[in-house]
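Working through the structure, step by step
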Amino acid sequence: MNDHTAPGPPAGLNPTDPEQDHAEAHIHPASEMLVTDRAHRLRELVPAAVTIGLGVLVLVLAQGIRSGVRVELGPPFWPTMLAWSLIVFGILQVVVNVLRGVSRANLPDPLSGWGIGRMLLTAAILVGYLLLWNVLQFWLITFATSVALTALYGGRGWRPLLVFPAIVTALLHFLFVVALRVNL
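For the protein, the name recorded in an unreviewed UniProt entry is DUF1468 domain-containing protein, with Pseudarthrobacter scleromae as its organism.

Dropping the structure here:
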């Protein structure tokens, strides 16, 4: 039997109750007021501009790749694809975050000493990873880096600190050494 009644409010909601109207705003965040003041728009414009600028820089540098190989998927192909992806996503950031505005729930937390310290420690770990690239075995430094980053970002217990980095290391080893045959 078909019931062709018009859909009403969800069961248990009274459309005249102001508290339920507040709950409806959380159920449907599109109806939430967006932050559109100048300071927040400028803060959202900075990463978008950096993304677009980096994309343009990579695009310009990719045009200078000369390999002598005339194939469609030659050496400039992937940097060019990366560049266009950065440009498109940067424009998307401008449209979604700068022109439209940002919901209050998506505003980042204020900077803290722990956040800045974690960012600097992440950079130090990754620089150490690059410096040890030709000194130690690929799988060893990848495993150690994965353990350090997992611990830094909240992994506790033996499973997250050993199993997850082991899986990441095995996947990267398979991808680069076995599948792509990159001499690491």
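From this point, the narrative continues.
This part takes up the overall build of the protein. The secondary structure content of the protein amounts to six helices and two strands. Of the regular secondary structure in the protein, the N- to C-terminal order runs α-β-α-α-β-α-α-α. Across the protein, every contact between residues at least 6 apart in sequence was considered, and the portion connecting residues at least 24 apart equals 59%.

Moving on, we come to the pattern of salt bridges. Under the counting rule described, the total for this entry stands at one salt bridge. Across the pair arginine 43 and glutamate 44 runs a salt bridge whose closest N-O atoms are separated by 2.2 Å. Glutamate 44 sits in the buried class, given a relative accessible area of 12%.

Per the UniProt entry, the sites bearing "transmembrane region" (unreviewed entry) are residues 45-65, 77-99, 111-132 and 162-182 in this numbering. As annotated, residues 45-65 has a helix share of 90% and a strand share of 0%, and its two end C-alpha atoms lie 31 Å apart. Taken end to end, residues 77-99 is 100% helix and 0% strand, and its two terminal C-alpha atoms sit 32 Å from one another.

Attention now moves to helix 5 (residues 138-152). When the terminal C-alpha atoms of helix 5 are compared, their 21 Å separation across 15 residues agrees well with the 21 Å that a helix rising 1.5 Å per residue should span. Looking at helix 5, one finds that the buried residues are Phe138, Ile141, Thr142, Thr145, Ser146, Thr150 and Leu152. Projected onto a plane normal to the axis of helix 5, the buried residues spread over an arc of 160° and lie on a single side. On its buried face, helix 5 sits against helix 4 (113-131) and helix 6 (158-179). Residue glycine 154 follows helix 5 closely and has a positive phi angle near 110°.

What follows is about helix 6. Between its first and last C-alpha atoms helix 6 spans 29 Å; for 22 residues at 1.5 Å apiece the expected length is 32 Å, and the two agree. Phi for arginine 181, located one or two positions after helix 6, is positive at around 55°.

What follows concerns the side chain of threonine 80. Inspection of the secondary structure assignment puts threonine 80 in helix 3 (residues 77-99). A polar atom in the side chain of threonine 80 sits 2.7 Å from the backbone oxygen of proline 76. Dropping the residues within four chain positions of it, threonine 80 is found in contact with Leu59, Ala62 and Gln63.

What follows concerns the packing of aromatic side chains. Aromatic rings in a pair are described by how distant their centres are and how their planes are angled relative to each other. Scanning all chains against the criterion turns up three aromatic pairs. Plain terms: the ring middles of phenylalanine 77 and tryptophan 78 are 4.9 Å apart, the flat faces sit at 80° to each other, and that makes the pair edge-to-face. On the accessibility criterion, phenylalanine 77 (24% relative accessible area) is partly exposed. Arranged with centres 5.5 Å apart and planes meeting at 85°, the rings of tyrosine 129 and tryptophan 133 form a pair that is edge-to-face. By the ring-pair criterion, three or more aromatic residues cluster together here, those being Tyr129, Trp133 and Phe138.

What counts and what doesn't
- Residues numbered from 1 in each chain as written.
- Predicted model: local features only at pLDDT ≥ 70, side-chain atom pairs only at ≥ 80, totals over all residues.
- Heavy atoms only, no water.
- Helix = DSSP H or I, 4+ residues; strand = E, 2+ residues; numbered from the N terminus.
- Contact = heavy atoms within 4.5 Å.
- Salt bridge = Lys/Arg side-chain N within 4 Å of Asp/Glu carboxyl O.
- Buried < 20%, exposed > 50% of the residue type's maximum accessible area, 1.4 Å probe, protein only.
- UniProt positions renumbered as here; feature names shortened; annotations may be inferred.
- Expected span 1.5 Å × (residues − 1).
- Arc of directions from axis to C-beta.
- Polar contact = N/O pair within 3.5 Å; in protein donor to acceptor, adjacent residues only side chain to side chain.
- Phe/Tyr/Trp six-rings, centres within 6.5 Å; stacked < 30°, edge-to-face > 60°.

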